[in-house]
Amino acid sequence: MLRAAGVCVTGPAHLDAGELGQDALSLKGWHGGWIATVADGLGSRPLSARGSRIAVQTAQACLRECAAQASFAPDARVLATELYRRWLRKRPGHDQPAQAATTLLMAACSANGQVNTWQIGDGLIVARCAGQIRVFTPERSGFGNQTQALGVDKQWSAWHTAQFCLSQSGDLVALMTDGVADDLPTATLPGFLQTLHRQLQIRSRRQGRRWLTHELLNWATPGHSDDKTLAVIYKD
């Protein structure tokens with residue numbers, strides 16, 4: 001059986017400033033599977049908070065439509081192109097899309113565990129498949145906080161996609177914004193994912209969400225300030 005949990009919390013920096021967070025999350029079941037979308041608005045862009053929320057909603061709708069038409073295996077490039085077109089129509093700042101720029105991570109998991117993922121920008125998509133950790137996000141290039149994003153990058157090469165299967169109990173895929181990912185060195189991922197799965201599987205969905213919220217609000221890294229969003233789909 002496939003289960004899922006996801007939480008989006010506003011970071012201390014935005015809370016102290018009395019501002020809304022710039023992360024966004026949409027996690028919904030679909031015909032025995034799950035669709036997860038996670039976004040992080042670029043902090044330097046004035047409309048990025050709205051841009052990220054529109055991105056996850058638009059991505060969720062596109063994935064559900066395409067999954068229905070293509071048995072959960074939509075053409076990756078066609079879907080990304082259609083999503084971007086819809087986002088451009090719905091986002092604020094119609095004459096300057098970069099004002100609403102946002103990263104976006106997506107995963108569509110069918111009832112039999114087949115997973116398709118898409119990513120533009122930073123954050124992390126990582127999976128545990130048959131006991132093996134697989135990182136699908138490439139190493140970041142550029143300087144400082146530079147990242148690719150909707151509203152900034154139009155070319156297909158800005159996207160990274162993957163296909164894999166959750167086939168065994170304990171297999172999972174996790175999507176997270178950089179507020180979580182940047183504090184998880186590669187060497188810590190096996191232990192982090194094991195703890196995540198263990199704690200979620202012993203709880204109901206509501207209890208799991210409550211536990212995950214507590215963990216993100218009380219993040220162990222000293223001085224953390226960023227918003228934090230994490231979605232996980234796992235095989236129980």
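This text follows the structure it describes.
A brief look at the structure comes next. (Residues numbered from 1 in each chain as written. Predicted model: local features only at pLDDT ≥ 70, side-chain atom pairs only at ≥ 80, totals over all residues. Heavy atoms only, no water.)

Points about the sheet that holds strand β2 (residues 23-30)
Then, number 1: Pairing in this open sheet of five strands is antiparallel, and the strands run β2-β3-β4-β5-β8 from one edge to the other. Single-partner strands in this sheet number two, and they are β2 and β8 (159-165). Geometrically, the sheet is characterised by an average inter-axis angle of 10 degrees between neighbouring strands, direction not taken into account.
Then, number 2: Inspection of the sheet shows β2 paired to strand β3 (residues 33-41) by eight bridges, in the antiparallel sense. Within the sheet, the bridge partner assigned to Ser26 lies in β3 and is Thr37.
Then, number 3: On the sheet, helix α3 (residues 76-90) packs against β4 (102-109), β5 (114-120) and β8 and is oriented at approximately 135 degrees with respect to β4. (Pairing = 2+ DSSP bridges. Helix = DSSP H or I, 4+ residues; strand = E, 2+ residues; numbered from the N terminus. Axes fitted to C-alpha atoms, helices over the stretch in contact; angles between N-to-C directions. Contact = heavy atoms within 4.5 Å.)

Let's talk about the pattern of salt bridges
Then, number 1: As enumerated under the stated definition, the model contains three salt bridges in all.
Then, number 2: The partner of Arg86 in a salt bridge is Glu82, and the shortest N-O contact between them spans 2.8 Å. Of this pair, Arg86 and Glu82 both sit in helix α3, separated by four residues, roughly a single helical turn.
Then, number 3: Among the charged side chains, a salt-bridge network with shared partners connects Glu65, Glu82 and Arg86. (Salt bridge = Lys/Arg side-chain N within 4 Å of Asp/Glu carboxyl O.)

Quick notes on the pairing of strand β7 (residues 132-135)
Then, number 1: Inspection of the sheet shows strand β6 (residues 124-129) paired to β7 by four bridges, in the antiparallel sense. When the sheet's bridge partners are listed, Cys129 is paired in β7 with Gln132.
Then, number 2: Linking β6 to β7, which pair antiparallel, is a turn of two residues; within it Ala130 sits at a positive phi near 50 degrees.

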